[in-house]
Amino acid sequence: MKRVIKAAALAVTGALALTACASAEGGDGNGDGETINIVGFAVPEAGNKAAAAEFNKTDAGKDVTFSGSYGASGDQSRKVADTKGKDVDYVVFSLEPDMTRLVDAGLVADDWNAGPTKGIVSNSVAVIATEAGNPLGIDDWDDLTRDDVKIVTPDPASSGSAKWNILALYTYAKQNGATEEQADAFLTKVFKNVTTWAASGREATEAFKKGVGNVLLTYENEAILAKQNGEDLDYIVPDHTFLIENPGAVLEDATPAAQDWLDFILSDDGQAAFVSKGFRPVTDLDISDIEVEGANDPADPFPTPASLSTAADLGGWDAINSEWFGKDGVKLRFDNLYAEATKQ
């Protein structure tokens with residue numbers, strides 16, 4: 001069993017121009033001539049590109065350019081902390097603890113999550129992607145314990161996406177009345193079917209596209225984007241799933257245009273750009289007139305799950321990490337279940 005796929009070329013895209021400069025003609029914007037340096041997890045790159053194109057049409061975004069570095073969320077967060085935020089203006093991560101690391105390092109303000117969306121810039125849900133036509137007839141999380149299922153999922157050692165997937169599985173079991181012991185047994189059965197633990201959500205998608213495994217655990221928006229890019233796959237939004245909440249923030253020493261950028265992302269136009277790439281809006285944006293290519297139903301792209309758990313339901317990320325995801329050599333619940341699933 002291979003826990004991490006090595007795909008360095010996919011892990012980080014450095015100095016990636018997200019959008020070209022707007023015309024030099026017209027009024028001077030607040031960020032005239034500035035470059036916003038983005039560091040983030042891989043999945044929102046397409047949303048950032050779409051939003052950047054719209055941002056450049058505004059007065060604040062006129063003549064602003066972007067560079068981006070994208071990779072596994074935890075790795076990206078540690079990189080920013082290790083370099084003390086050098087040449088970084090805006091960060092976007094898979095989950096809150098990766099932002100908290102930068103708050104603790106004095107790189108992001110303590111009140112980064114004080115706004116109406118509590119610092120969240122994009123939403124999604126955990127889904128199950130399958131080969132085109134869903135030949136195995138996968139319907140729900142319970143099907144992932146079958147002997148014919150070979151799963152690709154990210155590794156929580158580096159990826160936030162992996163943690164969302166694991167919590168979706170756990171809360172599914174609990175939603176169906178499982179005791180803690182029964183939930184552990186269920187997760188162990190699923191983990192036994194994991195063919196590859198990839199370094200990031202994007203690397204998991206790339207592995208699946210290349211024929212690794214026959215089921216991919218992923219973000220809804222990642223499955224939609226893959227279909228927008230011509231990939232032949234299907235995805236299922238289970239009746240019970242987990243709300244994915246991605247935080248974004250401006251660094252303390254960021255270029256002034258970065259705050260304009262964050263404000264734009266949370267505007268109707270910014271959220272509409274993210275919706276077009278398969279993200280669920282974090283505001284009350286009316287999306288009734290937006291069709292999302294690649295969604296199971298483009299006219300109604302985001303079905304409401306019958307049951308949806310959140311990190312808050314589990315006590316928040318401090319409580320989740322202290323129970324599930326060890327660090328500095330400390331083995332917690334996930335590590336123990338992984339060890340049980342992979343022992344010979």
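Colleague: Run through the pairing of strand β6 (residues 151-154), naming residues and quoting values.
Modeller: Taking every second residue as pointing to the same face, both faces of β6 are buried, with Ile151 and Thr153 on one and Val152 and Pro154 on the other. The pairing of β6 with strand β7 (residues 194-198) spans four bridges and is classified as parallel. By the bridge assignment for β7, threonine 153 is matched with tryptophan 197. Where β6 meets strand β8 (residues 215-219), two bridges bridge the pair, whose relative direction is parallel. Looking at the pairing, valine 152 lines up with leucine 216 of β8.

Colleague: Could you give me a rundown of the confidence of the model for the chain, with the residues and numbers involved?
Modeller: For the chain, the average pLDDT comes to 90, and 89% of its residues sit at 70 or higher. Low pLDDT, under 50, characterises residues 1-31; the stretch is placed with 81 contacts to residues that sit more than four places away or in other chains.

Colleague: I'd like a rundown of the environment of phenylalanine 242, residues and numbers included.
Modeller: You can see phenylalanine 242 is positioned in strand β10 (residues 240-250). Taking the relative accessible area as the measure of exposure, phenylalanine 242 reaches 0% and is therefore buried. Taking the C-alpha atoms as reference points, phenylalanine 242 and alanine 126, 116 residues apart in sequence, are found 5.7 Å from one another. The contact partners of phenylalanine 242, leaving out residues within four places of it in the chain, are Ser124, Val125, Ala126, Trp164, Leu167, Ala168, Thr171, Leu308, Ser309, Thr310, Ala311 and Leu314.

Colleague: I'd love a proper account of the side chain of aspartate 143, names of residues and values included.
Modeller: Positionally, aspartate 143 belongs in the loop between β5 (120-131) and β6. For aspartate 143, the contacting residues outside a window of four places in its chain are Gly137, Ile138 and Val149.

Colleague: Explain helix α11 (residues 317-324) to me, using residue names and the numbers behind them.
Modeller: Considered for burial, the residues of α11 that qualify are Trp317, Ile320, Asn321 and Trp324. In a view along the axis of α11, the buried residues occupy a sector of 90°, so they form one face of it. Of the exposed residues in α11, those oriented more than 90 degrees away from the buried face are Asp318 and Ser322. Packing partners of the buried residues in α11 comprise α4 (96-104), α5 (160-175), α6 (180-192) and α12 (333-342).

Colleague: Account for the side chain of asparagine 165, with residues named and values stated.
Modeller: Mapped onto the elements, asparagine 165 comes out in helix α5. Contact partners of asparagine 165, with chain neighbours within four places excluded, come to Ala126, Thr153, Pro154, Leu217 and Thr218.

Colleague: Please give an account of the packing of helix α2 (residues 45-55) against helix α9 (residues 257-265) that cites residues and values.
Modeller: The geometry of α2 relative to α9 is characterised by a closest axis approach of 10 Å and an angle of 110° between their N-to-C directions. On the basis of the axis angle, α2 is roughly perpendicular to α9. Residue-level contacts link Asn48, Ala51, Ala52, Glu54 and Phe55 of α2 to Ala257, Asp260, Trp261, Phe264 and Ile265 of α9. A class-by-class count of the residues in the contact of α2 with α9 yields seven nonpolar, one polar and two charged.

Colleague: Break down the layout of surface pockets for me, with residues and values.
Modeller: In this structure, the second largest pocket occupies an estimated 220 Å³ of space. Lining the second largest pocket, in full, are Glu96, Trp112, Asn113, Thr117, Lys118, Ile120, Trp164, Glu245, Ala311, Ala312, Gly316 and Trp317.

Colleague: Pulling in residues and values, what's your account of the pattern of salt bridges?
Modeller: Per the counting criterion, the structure on display carries 17 salt bridges. The residue glutamate 45 makes a salt bridge to lysine 49 at a minimum N-O spacing of 4.0 Å. Of this pair, glutamate 45 and lysine 49 are both found in helix α2, four residues apart, which corresponds to roughly one turn of the helix. Aspartate 75 is paired through a salt bridge with arginine 78; the nearest N and O atoms lie 3.0 Å apart. With aspartate 75 and arginine 78 both in helix α3 (residues 73-82), this residue pair falls three residues apart, about one helical turn. In this structure aspartate 75 comes out as partly exposed when scored by relative accessible area, which is 37%. Here the salt bridges share partners, and the residues they tie into one network are Lys174, Glu180, Asp184, Glu323 and Arg333.

What counts, and at which threshold
- Residues numbered from 1 in each chain as written.
- Predicted model: local features only at pLDDT ≥ 70, side-chain atom pairs only at ≥ 80, totals over all residues.
- Heavy atoms only, no water.
- Buried < 20%, exposed > 50% of the residue type's maximum accessible area, 1.4 Å probe, protein only.
- Helix = DSSP H or I, 4+ residues; strand = E, 2+ residues; numbered from the N terminus.
- Pairing = 2+ DSSP bridges.
- pLDDT = per-residue confidence, 0-100.
- Contact = heavy atoms within 4.5 Å.
- Arc of directions from axis to C-beta.
- Axes fitted to C-alpha atoms, helices over the stretch in contact; angles between N-to-C directions.
- Parallel < 35°, antiparallel > 145°, perpendicular 65-115°, else oblique.
- Nonpolar A, V, L, I, M, F, W, Y, C, P; charged D, E, K, R; others polar.
- 1 Å grid on protein atoms, 1.4 Å probe; cavity = no way out; pocket = protein on both sides within 12 Å on 5 of 7 lines; lining within 4 Å.
- Points joined across faces, edges and corners; volume = space filled by probe spheres on them.
- Salt bridge = Lys/Arg side-chain N within 4 Å of Asp/Glu carboxyl O.

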